[in-house]
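# Summary of structural features
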Amino acid sequence: MGIDQVDNYLDAHRAQFEEELKALIRIPSVSAQPTHSDDVRKAAEFVRDNLRSIGVPADLIETPGHPIVYGERLDAPGKPTVLIYGHYDVQPPEPLEPWLSPPFEPTIREGNLFARGATDDKGQMFTHLKAVEAWLKTVGQLPVNVKFLIEGEEEVGGANLENYVSLNKAKLACDVAVISDTSQFAPGIPAITYGLRGLAYFELLVEGANIDLHSGTYGGAVANPLNALCQMIASLKDGDGRIQIAGFYDDVRPLEDWERQAWAKLPFDEAMYQKGLGVIGLFGEKGFSTLERSWARPTCDVHGLWGGYSGPGPKTVLPRKAGAKLSFRLVPNQDPKRVAELLKAHLKAVCPPGVTYELIEQHGAPAALVEVDTPAARAASKAIEASFGTPPVFMRGGGSIPVVGLIKTQLGVDTLLLGWGQEDDNLHGPNEKFCLADFHLGIKASAHLLAELAR
Ligand code: BES
Ligand code: MN
Ligand code: MN
């Protein structure tokens, strides 16, 4: 009994795996929306019950927010321990109109499973459960010790997981962590991601008069908070895409020459990229390539802006207040707290007269760089090659997975970021998808990883 039986089991159970994933996806576990808190719990219970059914004892861990699912199977004494992290919560599906099929009714079109959470992260996370199932249903035990930590607040950046990890270091002790919540480089080009950006997220509120004012009576004599907000936002970046906050780039870790050279060799088709997005041109910080801009350079983006009137027809009003949501993607060595301080100083300097403002810090996480010149990363390369038929490329990613930093600081280990998704999976957007072929390749790679890590 060994890896051949495991592979046979995987081949024989493809339909079952897909049906189970669909059942998990049908639970609208939107962590940000209080109306869905029962569904979030149902998804946690689903994951717990699935772990139990495959032979991994598991429980829900209550938190002040959504529960954490923890399960472990420690039947390989003397062998390494792998901590598998994933998240069962999903982003809100809104806006609903662009969806071709309902967000929580998983639908297969051209080999892709379309639904909210298909790739981020239900589908990717589930690959590891199915890999473990194959081992336990054939060989009867795992080649390494496995701990599952599946949370329900990743998409809202809650502090509950952080508390749990720091209070349970001994329980979570491991030799390596594995997360599948990123992407491959391209179809047919699997990747190991060795760096992710961090995040500093803010809400900026600006207030003027104590009531909305007629812009004819008062316009020109009283500051307009919405204008003031736009001025403040416009001051954050120059026309070349450089962030204008004093000191912002001080801690930015420059790209290494070897990285720039390696990335320049990746088969990245800029014209296709542009075409796929439907933009008339690409834009970013001068002096950097598109991959460099999106993986290794910081950003400043506005995500929402409100104030005044935006219904049909004109309304001449000076809104009483205005607000914006904005964030900075951070790169290695930038500290989210320092970025907040620098932003505060900048806003103080640029806020126009006649209005007051308030800056609310939402959440922050530093960027992550993980060691990949390690036996564990070599094991992952072999496992990926055994499944995908080609070894992975090494890349970074532009998104953020705060737990990677937590695993390093609290548990002292590096994370293998083994993404099975594709860049165009529309995570967080309408028509999110996960390629079913990638789902099965991911399961097989995970099953082989357990064997490779045992060596
Ligand atoms: N899976 C993503 C992170 C991701 C996206 C990594 C794309 C690599 C490429 C994760 O679920 C996510 O969305 N993270 C949030 C951060 C969180 C603090 C809200 C993000 O990146 O915006
Ligand atoms: Mn995710
Ligand atoms: Mn996400």
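## Overview of the overall build of the chain
Broken down by element type, the chain carries 14 helices and 18 strands. A globule of 455 residues ought to have a C-alpha radius of gyration of about 23 Å, and the chain, at 24 Å, matches this closely. Along the first, second and third principal axes, the C-alpha set of the chain runs to 85 × 50 × 45 Å. When burial is assessed residue by residue, the chain has 53% of its 455 residues classed as buried. Excluding contacts between residues fewer than 6 apart, the proportion of contacts in the chain whose partners are at least 24 apart in sequence is 79%. When the accessible surface of the chain is summed, it comes to about 19,900 Å², and 52% of that surface belongs to carbon and sulfur atoms. Of the charged side chains in the chain, 43 are positive and 58 negative; the average position of the first set lies 2 Å away from that of the second.

## A short note on the packing of aromatic side chains
Summed over all chains, the structure comprises 10 aromatic pairs. Pairing Tyr-9 with Phe-17 gives two aromatic rings, centres 6.4 Å apart and planes at 40°, and the pair type is tilted. Note on Tyr-9: relative accessible area 12%, which makes it buried. Ring centres of Phe-434 and Phe-439 lie 6.1 Å apart, and the angle between their planes is 70°; on these two criteria the pair is classed as edge-to-face. In this structure, Phe-434 and Phe-439 share a single accessibility class: buried. The structure contains a cluster of three or more aromatic residues connected by ring pairs, namely Phe-202, Phe-248, Tyr-249 and Phe-328. The positively charged end of Arg-109 is found above the aromatic ring belonging to Phe-114, 4.0 Å away from the centroid.

## A word on the sheet that holds strand S5 (residues 112–114)
Spatially, three strands are ordered S4-S5-S18 in an open sheet, and the strand pairing comes out antiparallel. For this open sheet the edge positions go to strand S4 (107–109) and strand S18 (433–435), each flanked by a neighbour on one side alone. Put simply, the sheet's adjacent strands are angled 30° from each other on average, direction ignored. Examined bridge by bridge, S4 and S5 share three bridges and lie antiparallel to one another. Within the sheet, the bridge partner assigned to Arg-109 lies in S5 and is Asn-112. Across the sheet, helix H4 (residues 118–138) touches S5 and S18, and the angle it forms with S18 is around 40°.

## Here we look at the state of the cysteines
According to the stated counting rule, one finds zero disulfides in the structure shown. Cys-230 takes part in no disulfide bond, and the closest cysteine sulfur, belonging to Cys-351, lies 13 Å away. Classification of Cys-230 as partly exposed rests on a relative accessible area of 36%. This cysteine, Cys-300, is not joined by any disulfide, and Cys-230 carries the nearest cysteine sulfur, 13 Å off.

## Remarks on the coordination of the manganese ion (ligand 2)
Coordination sphere of the manganese ion (ligand 2), protein contribution only: His-87 (NE2), Asp-120 (OD), Asp-181 (OD) and Asp-181 (OD), at 2.0 to 2.3 Å. Here the donor residues of the manganese ion (ligand 2) are spaced in sequence according to H-x32-D-x60-D. Separating the manganese ion (ligand 2) from the manganese ion (ligand 3) is a gap of 3.6 Å, bridged by Asp-120, which donates to each. Here His-87, found in strand S3 (residues 81–87), pairs with Asp-181, found in the loop between strand S7 (176–179) and strand S8 (191–196); they are 94 residues apart in sequence, far enough to count as distant. Note on Asp-181: relative accessible area 10%, which makes it buried.

## Describing the domain arrangement of the chain
It is common to report an interface's size as the accessible area lost on association of the parts. Structurally, the chain comprises domain 1 (2–196 + 367–454) and domain 2 (198–252 + 298–364). If you look at the interface, domain 1 gives nine residues, while domain 2 gives seven residues. Counting the surface lost from both domain 1 and domain 2, the interface buries some 550 Å², and carbon and sulfur atoms represent 55% of this. Our count for the domain 1 to domain 2 interface comes out at zero salt bridges. At the junction of domain 1 and domain 2, the tally comes to three residue pairs in polar contact (both at pLDDT 80 or more). Its residues placed into classes, the side of domain 1 that touches domain 2 shows four nonpolar, four polar and one charged.

## Some remarks on the coordination of the manganese ion (ligand 3)
Around a metal, the perfect tetrahedron of four donors has angles of 109.5 degrees, and the perfect octahedron of six donors has angles of 90 or 180 degrees. Surrounding the manganese ion (ligand 3) are the protein donor atoms Asp-120 (OD), Glu-155 (OE), Glu-155 (OE) and His-428 (NE2), at 2.1 to 2.6 Å. Every donor counted, the six donor atoms about the manganese ion (ligand 3) form angles of 54 to 155° at the centre, which fits irregular coordination. Counting gaps between the donor residues of the manganese ion (ligand 3) yields the pattern D-x34-E-x272-H.

Criteria and cut-off values
Residues numbered from 1 in each chain as written. Chains lettered and ligands numbered in written order. Predicted model: local features only at pLDDT ≥ 70, side-chain atom pairs only at ≥ 80, totals over all residues. Heavy atoms only, no water. Helix = DSSP H or I, 4+ residues; strand = E, 2+ residues; numbered from the N terminus. Rg over C-alpha atoms; globule rule 2.2 N^0.38 Å. Buried < 20%, exposed > 50% of the residue type's maximum accessible area, 1.4 Å probe, protein only. Contact = heavy atoms within 4.5 Å. Areas by Shrake-Rupley, 256 points an atom, 1.4 Å probe, with all protein chains shown as cover. Lys, Arg positive; Asp, Glu negative; His and termini not counted. Charge placed at Lys NZ, Arg CZ, Asp CG, Glu CD. Phe/Tyr/Trp six-rings, centres within 6.5 Å; stacked < 30°, edge-to-face > 60°. Lys NZ or Arg CZ within 6 Å of the ring centre and 35° of its normal. Pairing = 2+ DSSP bridges. Axes fitted to C-alpha atoms, helices over the stretch in contact; angles between N-to-C directions. Disulfide = S-S within 2.5 Å. Donors = N, O, S within 2.8 Å, 3.2 Å for Na, K, Ca; no water. Domains from an automatic or database assignment. Buried area = accessible area lost by both parts, 1.4 Å probe. Salt bridge = Lys/Arg side-chain N within 4 Å of Asp/Glu carboxyl O. Polar contact = N/O pair within 3.5 Å; in protein donor to acceptor, adjacent residues only side chain to side chain. Nonpolar A, V, L, I, M, F, W, Y, C, P; charged D, E, K, R; others polar. Tetrahedral: all angles 85-135°; square planar, octahedral: opposite > 155°, others 65-115°.

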